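The residues making up each chain are set out below.
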Amino acid sequence: MTGALRLRWAAAVAALALCACSARDDRPSVLVVTIDTLRADAVGAWGVETGTTPALDDLAARGTRFADATTVTPLTLPAHASILTGLRPARHGLTVNGVARPALPVDTLAERLSDAGWSTGAFVSAAVLDGIHGLDAGFDVYDDALHVPGGPPRPRERRGDRTVDAALEWLDDAARRDRDAPWFAWVHLFDPHAPYDAPDGLPGEDRRAYLDEVRWADRQLGRLLAGLPDGPVIVVVTSDHGESLGEHGESTHGVLVFQGAMHVPLVVARAGAAGEEPEAFPRAGVVREDVVSVLDVTPTVLELVGLPPGDDLDGRSLARPSPDRTLPLECRSPAFYYGFSPLAGVRRGALKLVGAPEAEPAGWRLHHLATDPAEREGAPAADHPLRPFVPSPDPVDEADVVTDLDTLRALGYVGAATPTDDGAPRRDPREAMDLVDAIDRANSLLVAGRAAEAWSRLQALAGYDDVSELRFFRGRTLRALGRPAEAAAELGTAHVLQPGSAPILVEWGRALLEVAGGSTPPDPRAVAEAAGVFDLALERVPGDPEATAMRALAELLGGTLDAALARLDAALATRPSAVNLLLVKRRVLEALGRDADRARVDAELERLAPGLLGGG
């Protein structure tokens, strides 16, 4: 709903509210909880594990559990956008993590409910769901504040207990403001996402450590459900995707579309709804076996609260079974991050068809999940009758899509950018998981400060020298090993392979600055080359704080201090809490001899990131 239509709808709602005068609003409130990276078989109610999720199991017993729910893509941002719109990623435009659109092509669930009189609040736990990506539309409150005193200056996540604390505070305020008005809250818990290090569990990289994170997240879900205000509430709990845990060569998720990453829990229940018709959906203790999708969350909620579900959605209301549906599956991250073919497919009942449409051959394979749930025996099926139902692999229009480099860096996807489309066949990502896994593990080792081990893993790979992501991570690792000239050579090659990648440009420029700083005075040619590289990055993503900070640092090394300060002040006017910008500004002020101004920057850094300066 947009423009004049939205105004007419809002006017109608307002008129109804006036007619109701002081009458109680009996429309139900809505709680949607997404537990990130929660595979269905980690939930007790799904019968594989026991004791992992007592809160979710209890909710499932009080509502309808969908035993065979699938996500549409194994990535956090696009999957959540699909949950909140009912559209698959290629249609809403947020196809991978770390991109943003000024506006989504349809109203979100929050916009629909807000227009109809619900108060709305969102409480998210990861940088990838920062409001800049477009999911904040329609929310009165969008709490994406992840930083805590003493924590990292640019945190990638916050613990579930802190997110639930914020949500409960908002719910309490909403109840006190107007006890009879309905509300909509979306609460996102990120804890099961790697790295696995639950507050009351043991850290590690295995299923045991993962399940400790699941237990912690479920405990927070229990706190949230216990703290709901009085009144009828529709409760939906699901996940954006699962976790492969080493199956099919994938340590975590985000590349493959096998069931470990695609099969998610889905429960719809009522809370505080005494007097509901016993046969009304959702019914207590019902287990539905029909194949459904996270795309169905928005149309289901809209029907349950009495609003029209909207036209032309990919999802359907779950109030009634829809047998023989064909559900879309897609994963574009192999193309975005590695230059491989995307994966695309469909589910219909127990059949699952998946291929790599830009590879040669495309490798279409049909999996019979009833007889082969582990998907080990997929049969070649290029001409299967399901093939025409597979979503088009054509990329979305990227004219209004912005890449958020900070989020990509926080997630480890730091070399990402859409590769140049030269029409040549691309690799099938299912045949290159040795590369994906090596890069994933190398990134974890780099974050842990173990660069030598990361270099060993990357050096052991053969046959992928034409993949820019490998060159990029080699460059990062060489920088960490103190070998900037070799790093610059690797990163320059990565740029040639993927010239549109701003993160590659930023890392290349950093290596060139380190080369320049290796001589006294700094080598002016290397400084000038680095400055040119950062300018290219800023053309790709205007205003990126890291590229801006590094460009100002090049000006500092080149002796143009006033230009550096002007650049930093302009950037800080819109991002006053950007620690990387403040750190470079501190160096510029020190070089200018402006000690009083530097002291003010020091105080701000101490407020934002206590202990970062180490008393210096």
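Student: Can you tell me about the overall build of the protein chain, naming the residues and giving the values?
Tutor: Scanning the protein chain from terminus to terminus reveals 21 helices and 18 strands. Sequence-distant contacts in the protein chain: of pairs separated by 6 or more residues, those separated by 24 or more amount to 66%. Only carbon and sulfur atoms are counted for the fraction: they give 53% of the accessible area of the protein chain, which is about 24,700 Å².

Student: Talk me through helix H16 (residues 502-516); I want residue IDs and the actual numbers.
Tutor: In this model H16 runs 21 Å from its N-terminal to its C-terminal C-alpha over 15 residues, within 8% of the 21 Å that 1.5 Å per residue would give. In terms of burial, H16 is a largely internal element, twelve of the 15 residues being buried. When we look at burial in H16, the residues that qualify are Ala-502, Pro-503, Ile-504, Leu-505, Val-506, Glu-507, Trp-508, Gly-509, Ala-511, Leu-512, Leu-513 and Ala-516.

Student: Quick rundown of helix H14 (residues 468-480)? Include the residues and the values.
Tutor: With 13 residues, H14 ought to run about 18 Å at 1.5 Å a step, and its terminal C-alpha atoms sit 18 Å apart, in line with that. Extensive coverage of H14 is indicated by the burial of twelve of its 13 residues. For H14, the complete set of buried residues consists of Ser-468, Glu-469, Leu-470, Arg-471, Phe-472, Phe-473, Arg-474, Gly-475, Arg-476, Thr-477, Leu-478 and Arg-479. Elements that come into contact with the buried residues of H14 comprise helix H10 (333-338), helix H12 (433-447), helix H13 (451-459), helix H15 (484-497) and H16. Following H14 by one or two positions, Gly-482 adopts a phi angle in the positive range, close to 80°.

Student: If you had to explain the confidence of the model for the protein chain to someone new, which residues and values would you point to?
Tutor: Here the protein chain averages 88 in pLDDT, while 89% of its residues score no lower than 70. Taken as a whole, residues 1-22 scores under 50 in pLDDT and shows 17 contacts with residues more than four places along the chain or in a different chain. Note on residues 416-420: pLDDT under 50 across the span, and 23 contacts to partners over four residues away in sequence or across chains.

Student: An account of the pattern of salt bridges is needed here, citing residue identities and associated values.
Tutor: Inspection of every chain in the model, using the stated rule, returns 47 salt bridges. Across the salt bridge formed by Glu-330 and Arg-88, the nearest N and O atoms sit 3.2 Å from each other. Taken together, the positions of Glu-330 in strand E13 (residues 327-331) and Arg-88 in the loop between helix H3 (76-85) and helix H4 (89-92) put the pair 242 residues apart, joining distant regions of the chain. A relative accessible area of 4% means that Glu-330 is categorised as buried. In the salt-bridge network here, residues are joined through shared partners; they are Arg-39, Asp-41, Glu-49, Arg-207 and Glu-247.

Student: Could you give me a rundown of the sheet that holds strand E12 (residues 292-293), with the residues and numbers involved?
Tutor: Strand pairing in a sheet takes place through backbone hydrogen bonds and is either antiparallel or parallel in direction. Spatially, the three strands line up as an open sheet ordered E9-E3-E12, and their pairing is mixed. In the strand order of this sheet, the two ends are held by strand E9 (263-264) and E12, each with one partner.

Student: Go over the pairing of E13, please, and point to the residues and values.
Tutor: As a general feature of sheets, a regular strand has side chains that alternate between the two faces. With five of five residues buried, E13 lies mostly within the body of the structure. Burial along E13 is two-sided: the residues Leu-327, Leu-329 and Cys-331 and Pro-328 and Glu-330 are all buried. Pairing geometry for E13 and strand E14 (residues 343-348), over five bridges, is antiparallel. Counted as the bridge partner of Leu-329 is Gly-345 from E14.

Student: Can you tell me about the packing of H15 against H16, naming the residues and giving the values?
Tutor: Where H15 meets H16, the closest approach of the two axes is 8 Å, and the angle between their N-to-C directions is 155°. As the angle between them shows, H15 and H16 are arranged roughly antiparallel. Like other packed secondary-structure pairs, H15 and H16 cross with a definite hand, here left-handed. Residue-level inspection shows Pro-484, Ala-485, Ala-487, Ala-488, Leu-491, Gly-492, Ala-494 and His-495 of H15 in contact with H16, the latter providing Ile-504, Leu-505, Glu-507, Trp-508, Ala-511, Leu-512, Glu-514 and Val-515. Grouping the amino acids of the contact of H15 with H16 by side-chain chemistry returns twelve nonpolar, two polar and two charged.

Student: Give a detailed account of the sheet that holds E14, specifying residues and quantitative values.
Tutor: The strand order E13-E14-E15-E16-E17 describes an open sheet built from five strands, whose pairing is antiparallel. On the outer flanks of this sheet lie E13 and strand E17 (379-380), each paired with one strand and no other.

Student: So what's going on with the packing of aromatic side chains? Residues and values would help.
Tutor: Counted under the stated rule, the structure contains ten aromatic pairs. Seen in terms of ring centroids, Phe-66 and Phe-281 are 6.3 Å apart; in terms of plane orientation they differ by 65°. Their pairing is edge-to-face. In this pair, Phe-66 is assigned in strand E2 (residues 63-66) and Phe-281 in the loop between strand E10 (266-271) and strand E11 (286-288), connecting sequence segments 215 residues apart. Taken individually, Phe-66 and Phe-281 each receive the classification buried, so the pair is uniform in this respect. Ring plane angle 85° and centroid distance 5.5 Å describe the contact between Phe-472 and Phe-473, whose orientation is recorded as edge-to-face.

What counts, and at which threshold
- Residues numbered from 1 in each chain as written.
- Predicted model: local features only at pLDDT ≥ 70, side-chain atom pairs only at ≥ 80, totals over all residues.
- Heavy atoms only, no water.
- Helix = DSSP H or I, 4+ residues; strand = E, 2+ residues; numbered from the N terminus.
- Contact = heavy atoms within 4.5 Å.
- Areas by Shrake-Rupley, 256 points an atom, 1.4 Å probe, with all protein chains shown as cover.
- Expected span 1.5 Å × (residues − 1).
- Buried < 20%, exposed > 50% of the residue type's maximum accessible area, 1.4 Å probe, protein only.
- pLDDT = per-residue confidence, 0-100.
- Salt bridge = Lys/Arg side-chain N within 4 Å of Asp/Glu carboxyl O.
- Pairing = 2+ DSSP bridges.
- Axes fitted to C-alpha atoms, helices over the stretch in contact; angles between N-to-C directions.
- Parallel < 35°, antiparallel > 145°, perpendicular 65-115°, else oblique.
- Left-handed = near helix turned anticlockwise from the far one by under 90°.
- Nonpolar A, V, L, I, M, F, W, Y, C, P; charged D, E, K, R; others polar.
- Phe/Tyr/Trp six-rings, centres within 6.5 Å; stacked < 30°, edge-to-face > 60°.

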